[in-house]
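As a plain string of letters, each chain reads:
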Amino acid sequence: MEASLARVDYLQVGVTAQKTMKLLPASGKKATQKVVVGDQDGVVTCFGIKKGEAVPVFKTLPGRKISRLELGGALNTPQEKIFVAIGSEVRGFTKRGKQFLSFETNLTESIKAMYISGADLFLCASYIYNHYCDCKDQHYFLSGDKINDVLCLPVDKVKCITPVLACQDRVLRVLQGSDLLYEVELPGPPTVLALSNGNGGDSGEEIVYGTSDGKLGLTQITCTKAIPRWEIGNEKKRGGILCIDSFDILGDGVKELLVGRDDGMIEIYNFESADDPVLRYDYALSESIASIQGGCVGKDGYDEILAATYSGWLTGLTTEPVHREGGSGEELKLSQEMQSKISSLRNELEQLQIKVFQERDKYQQSSQSSTAVSSVPAFSVNDKFTLNKDDASYSLILEVQTAIDNVLVQSDVPLDLLDVDKNSAVVSFSSCDSEPNSNFLLATYRCQANTTRLELKVRSIEGQYGTLQAYVTPRIQPKTCQVHQYQIKPLSLHQRTHSIDQDRPMNTLMLKGQFSFAEIHSWVVFCLPEVPEKTPAGECITFYFQNTFLGTQLESTYRKGEGYFKSDNISTISILKDVLSKEATKRKINLNISYDVNEESVRHTLQLIHPKLEYQQLLAKKVHLIDALRELQVHEGNVDFLLPKYRSILEEADQLLEEYKRQPAHLERLYGMITDLFIDKFKFKGTNVKTKVPLLLEILDGCDQDGLIAFFDAA
């Protein structure tokens, strides 16, 4: 059965956080359900839909921002009590809006994630998990990395309380009481958890997870271990997953999986076979989907998907058919109901325009008076700066609650700006002087009208670190701007991984000195991405990393007074040595640095780089031939006389140009890495070989792997 869904925009509230919208249970079968949503103005809004119009049930007063909203109630009864997390407090409301609970927890940070099961309340701050029963503290757990979401397996099926934490370090942590039962390794950082089928499946042990890099999977959480059931990659390069629900929207008797992503995609996955789900329907909105629910909202008997977006729009995709009656001359006749709705909307729009003009005049008059006080309008920016494993680039996503006018991007380190297909903004570069004020990049993105979300891609150079700044200016009066800063780390292209290949030839860097565990951890945080800022529990910690550009790896193990870093890339060890020495010198700490260089690792790294180098050189040669071949085609009219390899270049010209445009300076980056490898190899021997670099570049142009390795050995 194919999905045929029509879009309906119901209402706009304030900016909403992830998982802050729910549908209250229906009073009867196929009856419409009430919607409850909490926003960052601190307002809980509950409404129903009558004749296509939103009719409020209740609305609370503004206050601190709402970070989560869940429904609860006694087990095996309709879950119609509304619970919201505000700061470190949990408040409860009845479906009529009467507040019956105000529970101030003992958490020192704001609540980031919440789950409710009967009398049990599960709360998470950044690193801390707390379990309360009837508002009494029961269990506590300190996580090794940030907690993004929490849920508990259904106690009526599993017969024991089994909380599961989704943590930023790519693991699910399964708890028993205050203890860690086991960890489940995932392919990406999990951002959201949901019970499979809404109830954990037949066993009650099945959990669906979504990751920040757009992967979706299901795993079974048993008493002793996790059993992975299926996993869907992100081949279409869509956004990260923010929300998941289960609902039978296709009407085939089997619940589909509803998924909302941070690039505005709504997806329906159908279980056609007992194995992996299949994508059956998708719909793109212009902003991130913070919450998603399946139910009956707009009209009795018609199911729909309801989504809450970042800027607070509640949008439905309904199964109700949009009736169009053909009239004379193929004209569409509008129903009386629709005509009256359009008329009331026009009146409302006129009144709003009059109000805007009045307020603008009032502001102009007050701003020109002698006692004028300038007021800067506040606006929310939802930003995300993440490393993409596929193309070793950083994605910077900026989302604003109102339309963006322009974004100015500035960096004090060399960066490549890459093309983004979804980006419709016009980019212009300004010349900048890198010498006196370290200004390497200055670019302005001018957005089209009604653009609220902008995605940029940048690629950094390892060893060069600093700050990327984005100046965001929305289309509001008076003009105002927010500055957001993002750190480009010395080993910026490294990504956390669960394990590494121990059989590779490794170079080792050893540090010893009078430094604390917290100090060396802060140095590692400064050098590498995806390391938790909080000092880990225990006396010693090991992290594994992989270079997303080359595939080389790094193992870092450290404790108080000692640090060991192993990598198959000597340049990684060289960067770490330089940066860690500089950081220790700043704090006036003497370091005893020793290293063990494995000569075989240089050959191994060159073998990793060479296929990429060969491919990029061939691509560059093909692109340089395209203009000449096209000119030949115009003059001769027929290109059958050309060799097959030249004909294939003409046939694939558009794809080749697109790929070359998408990866500017890729070849130069590879040349730079090989040059750094050459210099670093001999730096550890105490030899300066910078005079031999021109000779090395000549060999690179020849693209001879054996000649390159021989040059490294002979020099």
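Residues numbered from 1 in each chain as written. Predicted model: local features only at pLDDT ≥ 70, side-chain atom pairs only at ≥ 80, totals over all residues. Heavy atoms only, no water.

Let's talk about the domain arrangement of the chain
- The assigned domain composition of the chain is domain 1 (381–488), domain 2 (494–597) and domain 3 (600–714).
- Computed over C-alpha atoms, the centres of domain 2 and domain 3 are 32 Å apart.
- Tallying the contact residues gives 16 residues for domain 2 and 17 residues for domain 3.
- Looking at the side of domain 2 facing domain 3, the largest losses of area belong to Phe549, Leu550 and Ile570, adding up to 43% of the total buried there. (Domains from an automatic or database assignment. Contact = heavy atoms within 4.5 Å. Buried area = accessible area lost by both parts, 1.4 Å probe.)

Structural notes on the pattern of salt bridges
- Inspection of every chain in the model, using the stated rule, returns 35 salt bridges.
- Here the residues in one salt-bridge network are Asp145, Asp169, Arg173, Glu183 and Arg496, joined through shared partners. (Salt bridge = Lys/Arg side-chain N within 4 Å of Asp/Glu carboxyl O.)

Looking at the pairing of strand E24 (residues 265–270)
- The buried fraction of E24 amounts to 6 of the 6 residues, a majority that puts the element mostly inside the structure.
- Taking every second residue as pointing to the same face, both faces of E24 are buried, with Met265, Glu267 and Tyr269 on one and Ile266, Ile268 and Asn270 on the other.
- Sheet topology note: the strand E23 (residues 256–261)/E24 ladder contains 4 bridges and is antiparallel. The residue of E24 that forms the bridge with glycine 260 is isoleucine 266.
- Count of turn residues in the E23/E24 antiparallel hairpin: 3 residues, of which glycine 264 carries a positive phi of about 90°. (Buried < 20%, exposed > 50% of the residue type's maximum accessible area, 1.4 Å probe, protein only. Helix = DSSP H or I, 4+ residues; strand = E, 2+ residues; numbered from the N terminus. Pairing = 2+ DSSP bridges.)

So, the side chain of serine 556
- Tracing the chain through its elements places serine 556 in strand E43 (residues 553–559).
- Since its relative accessible area comes to 0%, serine 556 is described here as buried.
- Apart from the residues lying within four places of it in its own chain, the contact partners of serine 556 are Ile541, Thr542, Phe543, Phe545, Tyr564 and Phe565.

Topic: the packing of helix H6 (residues 599–636) against helix H9 (residues 666–683)
- Where H6 meets H9, the closest approach of the two axes is 9 Å, and the angle between their N-to-C directions is 160°. Considered as vectors, H6 and H9 are oriented roughly antiparallel to each other. The interaxial crossing formed by H6 with H9 has left-handed handedness. Of H9, the residues touching H6 (which contributes Glu599, Val602, Thr605, Leu606, Ile609, Lys612, Leu613, Gln616, Gln617 and Ala620) are His666, Leu667, Leu670, Tyr671, Ile674, Leu677 and Lys681.
- Tallied by class, residues from the contact of H6 with H9 come to 10 nonpolar, 4 polar and 3 charged. (Axes fitted to C-alpha atoms, helices over the stretch in contact; angles between N-to-C directions. Parallel < 35°, antiparallel > 145°, perpendicular 65-115°, else oblique. Left-handed = near helix turned anticlockwise from the far one by under 90°. Nonpolar A, V, L, I, M, F, W, Y, C, P; charged D, E, K, R; others polar.)

Focus on the side chain of glutamine 616
- Looking at the element boundaries, glutamine 616 is found in helix H6.
- Contact partners of glutamine 616, with chain neighbours within four places excluded, come to His666, Leu667 and Leu670.

Considerations on the sheet that holds strand E4 (residues 44–50)
- The antiparallel open sheet is built from 4 strands, whose spatial order is E2-E3-E4-E5. Since the sheet does not close on itself, it has two edges, and those belong to strand E2 (21–23) and strand E5 (53–59), each with one partner. Between one strand and the next, the sheet's axes are offset by a mean angle of 25°, whatever the strand orientation.
- Pairing analysis gives 4 bridges linking strand E3 (residues 35–38) to E4, with the strands arranged antiparallel. Across the sheet, glycine 38 pairs through a bridge with valine 44, a residue of E4.

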